[in-house]
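# Examination of the molecular architecture
Residue strings, one per chain:
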Amino acid sequence: MEYILYEQKGAYAVITINREKALNALNSQVLEELDATLEAVDLSTVRALVLTGAGAKSFVAGADIGEMSTLTKAEGEAFGKKGNDVFRKLETFPLPVIAAINGFALGGGCEIAMSCDIRICSDNAVFGQPEVGLGITPGFGGTQRLARLVGAGYAKQMIYTARNIKAAEALRIGLVNEVYSAEVDAEGNVVKSAQEVMLAAAEKMAAGIAKNAPIAVRNCKKAINEGLDVDMDAAIVIEEKLFGDCFETQDQQYGMAFFLDKNKDKVKEPFKNA
Ligand code: CAA
């Protein structure tokens, strides 16, 4: 792989979009490599993913403008589909995905972050959908996911004005869950950069998720995602089914037996993903 780094760290893995010279912009090759990376994740051992960008300046500065500049109508639609297919794979991936946003998350960068389950960022992060300034619409799900995440009002404002927003505003409107700053010592020297602090928090969250019963976590993701697309009567049926499915798992039997066992010296074993 030229543009994607994949590192498994115990029960979670970190995917890094590694095209730093172009601020990790998404060309066809990056999208194809990301797709292949997701296909190759070992679901028997990996229980959560962190997605980030290489370098301190940019998470992903959008789809590749050079590649898009000469597309025909049909090619434009196909490029949109290519991005949408990979982002949908991420959104429905059977593991939780945490976007660890370091710097620019513009256009396709904001869109890929929104395809993840959870977004956290460093305090230099900048979010935006600048597409109308380039003569196009957001094309990797931005018109759909932004409105669902922050409401139609903020989404329309961001998309129509093409104005970028900083991390604090992204936090205020619910586009990210947490913003991290650099760690400084008593003299004001930077001990850890904001990116390091944020990545450590993302990895800690992934490791924490990875300790929980994997089938239950997976079913929660499915229930939330699928439930949001239907009315409440249908949504609770989706939940009931996925809740019921958990009672066929060894992990449910172990998790509940562990709780009910009054032996105080017992040590909780890792869930078996079974
Ligand atoms: N596509 C292709 N190349 C990009 C890029 C992109 N989206 N974003 C940055 N780059 C490249 C630049 O061309 C430049 O390359 P060279 O060194 O070869 O000249 C390199 O990355 C560094 O960028 P800058 O010199 O521009 O860095 P800067 O600090 O001056 O500015 C920036 C940073 C504000 C993020 C600026 O690069 C920028 O505005 N980028 C474009 C952001 C954008 O419009 N994204 C949306 C794309 S459209 C889209 O994503 C459609 C969709 O929904 C599918």
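It should be noted that the structure appears before, not after, this text.
Counting restarts for each chain: residues are numbered from 1 in the order of the written sequence. Given that this is a predicted model, residues contribute local features only at a pLDDT of at least 70 and side-chain atom pairs are listed and counted only at 80 or more, while totals for whole chains, interfaces and linings are drawn from all residues. Side-chain metrics in this entry use all non-hydrogen atoms of the structure; hydrogen atoms and water are not considered.

### Looking at the sheet that holds strand S6 (residues 104-106)
With mixed pairing, the four strands of this open sheet are ordered in space as S4-S6-S8-S9. Taken across any chain shown, the strands that pair with only one partner, and hence form the sheet edges, are strand S4 (58-60) and strand S9 (165-166). Between any two strands, at least two bridges found by DSSP are needed for them to pair. Working definition: helices are DSSP H or I runs of at least four residues, strands are E runs of at least two. Numbering for both runs from the N terminus.

### Things to note about helix H9 (residues 214-228)
One fewer than the residue count of a helix, multiplied by 1.5 Å, yields its expected span. With 15 residues, H9 should reach 21 Å at 1.5 Å per residue; the first-to-last C-alpha distance of 21 Å fits that figure. Three or more residues of H9 are buried, namely Pro-214, Ile-215, Val-217, Asn-219, Lys-221, Ala-223 and Gly-227. Between two residues, a contact is recorded if the distance between any of their heavy atoms is within 4.5 Å. Of the surrounding secondary structure, the elements contacted by the buried residues of H9 are helix H3 (73-91), strand S5 (97-101), helix H8 (194-211), helix H10 (232-246) and helix H11 (250-260). Note on exposure labels: buried denotes an accessible area under 20% of the residue type's maximum, exposed denotes more than 50%, and partly exposed covers the range between, all computed with a 1.4 Å probe on protein chains only.

### A closer look at the pattern of salt bridges
What counts as a salt bridge is simple: a side-chain nitrogen of Lys or Arg found within 4 Å of a carboxyl oxygen of Asp or Glu. Inspection of the entire model under this criterion finds 13 salt bridges. For Glu-203, the salt bridge identified is with Lys-9, shortest N-O distance 3.1 Å. Here Glu-203, found in helix H8, pairs with Lys-9, found in strand S1 (residues 4-9); they are 194 residues apart in sequence, far enough to count as distant. Taking relative accessible area as the criterion, Glu-203 reaches 16% and is therefore assigned buried. Residues Asp-117 and Lys-221 are paired through a salt bridge, measuring 2.9 Å at the closest nitrogen-oxygen approach. One end of the pair, Asp-117, is in the loop between helix H4 (108-114) and strand S7 (118-122); the other, Lys-221, is in helix H9, and 104 residues separate them in sequence. Note on Asp-117: relative accessible area 28%, which makes it partly exposed.

That's the geometry; what it means functionally is another story.
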